[in-house]
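Report on the structure
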Protein chains: 2
Amino acid sequence: MSGSLVVVGLGPGDEALLTPAAAQALADATDLVGYGPYVDRVVLRDGQTKHRSGNRVEANRSRAALDMAAEGKRVAVVSSGDPGVFAMATAVWEEVEQNPQRWADVDVRVIPGVTAATATAAASGAILGHDFCIISLSDILKPWEVVEKRLEAAGAADFVVALYNPISRHRPWQLGRALEILAQHRDPETPVVIGRAVTRDDERIEVQALRDVDPEKCDMSTMLIIGSSATRVFEHRGVKLAFTPRTYA
Amino acid sequence: MSGSLVVVGLGPGDEALLTPAAAQALADATDLVGYGPYVDRVVLRDGQTKHRSGNRVEANRSRAALDMAAEGKRVAVVSSGDPGVFAMATAVWEEVEQNPQRWADVDVRVIPGVTAATATAAASGAILGHDFCIISLSDILKPWEVVEKRLEAAGAADFVVALYNPISRHRPWQLGRALEILAQHRDPETPVVIGRAVTRDDERIEVQALRDVDPEKCDMSTMLIIGSSATRVFEHRGVKLAFTPRTYA
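As a convention, each chain's residues are numbered from 1 in the sequence order in which they are written. For this description, chains carry letters from A and ligands carry numbers from 1, given in the order in which they are written. Predicted model: local features are reported for residues with pLDDT of at least 70 only, side-chain atom pairs are reported and counted for 80 or more only, and whole-chain, interface and lining totals are derived from all residues. With hydrogens and water set aside, each side-chain value is computed from the structure's full complement of heavy atoms.

**Digging into the sheet that holds strand S12 (residues 232–236) of chain A**
Using the following cut-off: Here a strand pair is declared whenever DSSP counts at least two bridges between the two strands. The helix count covers DSSP runs of H or I at least four residues long, the strand count covers runs of E at least two residues long, and both are numbered beginning at the N terminus. In this description, contact between two residues means that some pair of their heavy atoms is separated by no more than 4.5 Å. All axes here are fitted lines through C-alpha atoms, helices being fitted over the stretch that makes contact, and every angle between N-to-C directions spans 0 to 180 degrees.
Taken in spatial order, the three strands line up as S6-S13-S12 (chain A) in an open sheet, and their pairing is mixed. Strands with a single pairing partner mark the edges of an open sheet, and in this sheet they are strand S6 (125–126) and S12 of chain A. Alignment of S6(A) against strand S13 (residues 239–243) of chain A, held across two bridges, turns out to be parallel. Of the residues in S13(A), the one forming a bridge with A:Gly125 is A:Ala242. Against the sheet, helix H4 (residues 88–98) of chain B contacts S6, S12 and S13 of chain A, and its axis sits at roughly 70° relative to S12(A).

**With respect to the interface of chain B and chain A**
The extent of an interface is frequently quoted as the accessible surface area lost upon association of the parts. Note the following rule: Here the quantity called buried area is the total loss of accessible area, with a 1.4 Å probe, experienced by two parts when brought into contact, counted for both. Salt-bridge detection follows one rule: a side-chain nitrogen of Lys or Arg within 4 Å of a carboxyl oxygen of Asp or Glu. Here a polar contact is recorded for every N or O atom pair within 3.5 Å, except that within protein the pair must consist of a potential hydrogen donor and a potential acceptor, and residues adjacent in sequence are included only if both atoms are side-chain atoms. Polarity classes work like this: nonpolar for Ala, Val, Leu, Ile, Met, Phe, Trp, Tyr, Cys and Pro, charged for Asp, Glu, Lys and Arg, and polar for all others, with Gly in that last group.
The interface of chain B with chain A comprises 70 residues on the first partner and 70 residues on the second. Of the roughly 5900 Å² buried between chain B and chain A, counting both surfaces, carbon and sulfur atoms make up 61%. Summed over the three residues of chain B that lose the most area to chain A, namely B:Trp93, B:Arg150 and B:Arg246, the buried surface amounts to 13% of that side. Inspection of the chain B/chain A interface yields twelve salt bridges. Residues B:Asp107 and A:Arg237 are paired through a salt bridge, measuring 3.6 Å at the closest nitrogen-oxygen approach. Remark: the boundary between chain B and chain A carries 35 residue pairs in polar contact (both at pLDDT 80 or more). For the side of chain B that touches chain A, the per-class residue count stands at 42 nonpolar, 13 polar and 15 charged.

**Topic: a negative patch on the surface**
For clarity, the cut-off: Only residues whose relative accessible area exceeds 30% and that take part in no salt bridge are eligible for patches, with like-charged residues grouped when within 9 Å of each other and nonpolar side chains (Val, Leu, Ile, Met, Phe, Trp, Tyr) grouped when within 5 Å. Only the protein chains shown count as cover for residues, and all accessible areas are computed by the Shrake-Rupley method using a 1.4 Å probe. As used throughout, the charge tally considers Lys and Arg to be positive and Asp and Glu to be negative, leaving His and the chain termini uncounted. Here the site of a charge means NZ on Lys, CZ on Arg, CG on Asp, or CD on Glu.
Taken together, the side chains of B:Asp14, B:Glu15, B:Asp201, B:Asp202 and B:Glu203 define an acidic patch exposed on the protein surface. Summarising the element assignment, B:Asp14 is placed in the loop between strand S1 (4–9) and helix H1 (20–28).

**Some thoughts on the side chain of A:Glu97**
Rules: Only protein chains enter the accessibility calculation, which uses a 1.4 Å probe; a residue whose area is less than 20% of its type maximum is buried, one above 50% is exposed, and one in between is partly exposed.
Tracing the backbone through its elements, the reader meets A:Glu97 in helix H4 (residues 88–98). For A:Glu97, a relative accessible area of 14% gives the class buried. Discounting chain neighbours no more than four positions away, the residues touching A:Glu97 are B:Arg232, B:Val233, B:Phe234 and B:Phe243.

**Digging into the state of the cysteines**
For clarity, the cut-off: In this description, the term disulfide denotes a pair of cysteine sulfurs within 2.5 Å.
Tallied over the entire structure, the rule returns zero disulfides over all chains. Counting only cysteine sulfurs, B:Cys133 is the nearest neighbor of A:Cys133, a cysteine outside any disulfide, at a range of 3.0 Å. Assessed through its relative accessible area of 0%, A:Cys133 is described here as buried. Take B:Cys218: it sits in no disulfide, and the sulfur closest to it among the cysteines is that of B:Cys133, at 19 Å.

**As for the packing of aromatic side chains**
All names here are of chain B. Inclusion rule: Each Phe, Tyr or Trp ring (for Trp, its six-membered ring) is paired with any other whose centre lies within 6.5 Å, and the angle between the two planes then decides the class: stacked below 30 degrees, edge-to-face above 60, tilted in between.
Using the criterion set out here, one finds ten aromatic pairs over all chains in the structure. Aromatic pair Tyr-35 and Tyr-38: ring centres 5.1 Å apart, planes at 80°, arrangement edge-to-face. On the basis of relative accessibility, which here comes to 25%, the residue Tyr-35 falls in the partly exposed class. The class for Tyr-38 is partly exposed, based on a relative accessible area of 28%. Relative to Tyr-164, the ring of Phe-86 lies with its centre 5.3 Å away and its plane at 55°, an arrangement referred to as tilted. Here the residue Phe-86 occupies a position in the loop between strand S4 (74–79) and H4, and Tyr-164 occupies one in strand S8 (residues 160–164), the gap between them amounting to 78 residues.

**A look at helix H3 (residues 58–70) of chain A**
Residues and elements named next belong to chain A. This is how it is decided: Take the residue count of a helix, subtract one, and multiply by 1.5 Å to get its expected span. Along the arc lie the directions from the helix axis toward the C-beta atoms.
Spanning 13 residues, H3 covers 18 Å between terminal C-alpha atoms, matching the ideal 18 Å at 1.5 Å per step. Those residues of H3 that fall on the buried side of the exposure criterion are Arg-61, Ser-62, Ala-65, Leu-66, Met-68 and Ala-69. Buried residues of H3 fall within an arc of 160° about the axis and therefore sit on the same side. Among the structural elements, strand S1 (4–9), strand S2 (31–35), strand S3 (49–53), strand S4 (74–79), H4 and strand S5 (107–111) are those in contact with the buried residues of H3. Once H3 finishes, Gly-72 follows within two positions and takes phi at roughly 110°, a positive value.

What follows is the structure, given as structure tokens:
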């Protein structure tokens, strides 16, 4: 008898941003699978089993989760944010497509969530109020030239740009280079929103000028959103905010 | 005494995708403000007042909402999806910035939500699993040349592209032209996800080849997501799905 697999987005961190659909899927699961720190965000009820794994083992984790589901378990694969944005939904569907017979009967669903870019924008004004791009700076699974080409295109066409996976110990220089490329198309005063641990207890959000952004102060939990030429900065009740107007002249 | 204004995203439609933070803000409000059909999605409790307005009056609506908040009301401005993505968050902040004294004391917050693009992707695989752009095809507030330039850039740099506000009675030809531009950079077999009323009772989702997409079958409730050159189509349990792999060769 085949069970089910649901890919669940936990949202940016605050439990009040976890959708009821996601909460229900977590409560219904017999087995919770995911990157350790994400699985640890879920409080287990009696009878549930955690399967924590390391980072960068998405394919193995997906296969193990699908196999459990094929054995009859109700498996929840947990992701941060929205599971369809640089997260586990693609990893799971890739495996299903590669092995269509092996998991032919498994009921697979994806539950969307609030993704880091829109949560960060909401906490700092409305910088995503106009056309924007979402780019991962990780060059582990794609050539860096592709990233540069996309940054170039986004810069030249005056998109707002949200950067996922901006920097890590193994990828120390990519964020600096990305900002350099965007700076060729933007005024040095262009507003940049820099959010860390957004909606969590240790949230830290700043709006800085592009020329002041220091990659060394960013890490994998940082979301950077670089404005377009139209993005504006202002203060309200002592807080610096950024928005991109609806009208583009 | 100043009240508060919260911009709330209702999510794509299904109540199970309305976050607890958004539900709480709606329950706490004395006044609900927004485009009629969105306000009508909220079930009122005793003592709450609805303020329904037409489409395309976002600036007036924002000022009226801020004025009510300044008088001491707890105002919720409701938006569909995520209020920061082509919705009311920018409209409200634009007014605050233009009239810093008038609403200096009003507590303004934005609560993020699940946006249509990620909800549509979740319902049809994981087409947003790699770098993507979000573009509104409305040329009411921006010149059409800007839209074309961005479509060109997104096409040439091989982004997945999600189109908001694709077509309406007053903008009948723009979607066809947008698909034409993207087709210059994509194989005619490129997968396109076409979702209407996603997560609602009358949801209709299809995965079609780019060459088969018929703009006449789309309306303002339609979300189109056009794949990159890497996006793949497959079937699982009789349903056609699309995903964009994590690896880009």
